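Below are the chains, spelled out letter by letter.
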Amino acid sequence: MAHTDAQEILGSLRDVGFPADKDELLRAATADGASDEALKALRGIPPDRYGNREEVARSVRVDPDSDLGHSASQRAAQARRGGEPGLSQHLRDAPRTPVEDEPDR
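Conventions and cut-offs
Residues numbered from 1 in each chain as written. Predicted model: local features only at pLDDT ≥ 70, side-chain atom pairs only at ≥ 80, totals over all residues. Heavy atoms only, no water. Buried < 20%, exposed > 50% of the residue type's maximum accessible area, 1.4 Å probe, protein only. Helix = DSSP H or I, 4+ residues; strand = E, 2+ residues; numbered from the N terminus. Arc of directions from axis to C-beta. Contact = heavy atoms within 4.5 Å. Polar contact = N/O pair within 3.5 Å; in protein donor to acceptor, adjacent residues only side chain to side chain. Core = buried A, V, L, I, M, F, W, Y, C linked by side-chain atoms within 4.5 Å. Salt bridge = Lys/Arg side-chain N within 4 Å of Asp/Glu carboxyl O.

Draft legend 1. Layout of helix α2 (residues 22-31). Restricting attention to buried positions, one finds in α2 the residues Lys22, Leu25, Leu26, Ala28 and Ala29. Around the axis of α2, the buried residues are gathered within 165° of arc, so they sit on the same side. Relative to its buried face, α2 has exposed residues pointing more than 90 degrees away, namely Arg27 and Ala31. In this fold, the buried residues of α2 make contact with β1 (20-21), α3 (36-43), β2 (49-50) and α4 (53-59). With a side-chain oxygen lying 3.2 Å from the backbone nitrogen of Asp23, the N-terminal cap of α2 falls on Asp21.

So, in structure tokens, the structure goes:
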């Protein structure tokens, strides 16, 4: 598991045109000057074709606490909700917070 976060990895993929495969992602991150930890995380993803940045973020193995900006309450809801067999807790869908729902009312 890399000691980086998804935001750092996604930041190094600004110039990637999706869909992109693993090799394209690694080339773009290297050209952008990604950290060794970010490159290590990208090397650990499956050799698939990725349709967008979110698919990449879900595939990299990083510390669960760095999860894409979810709040503590969202992470707790993910833990309570359960999910598909084999799906890590931090990758489950996170509900929107009441503050996020407010503008929709």
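That covers the picture; the talk isn't over yet.
Draft legend 2. Examining the nonpolar core more closely. Formed by 20 residues in total, the largest nonpolar core has its most connected members in Ile9, Leu13, Leu25, Leu42, Val56 and Val60. Contributing elements (two or more residues each) for this core: α1 (6-11), α2, α3 and α4. What Leu13 contacts, discounting residues up to four positions off in sequence, is Leu25, Ala29, Leu42, Arg53 and Val56.

Draft legend 3. Representation of the pattern of salt bridges in the model. Under the definition given, this model contains three salt bridges. Residue Asp32 is joined to Arg14 by a salt bridge in which the shortest nitrogen-to-oxygen separation is 3.1 Å. Taken together, the positions of Asp32 in the loop between α2 and α3 and Arg14 in the loop between α1 and β1 put the pair 18 residues apart, joining distant regions of the chain. Judged by relative accessible area, which is 28%, Asp32 ranks as partly exposed. Its relative accessible area of 56% is what places Arg14 among the exposed residues. Between Arg58 and Glu54 there is a salt bridge, with the nearest N and O atoms lying 3.3 Å from each other. Taken together, the positions of Arg58 and Glu54, both in helix α4 and four residues apart, correspond to about one turn of that helix.

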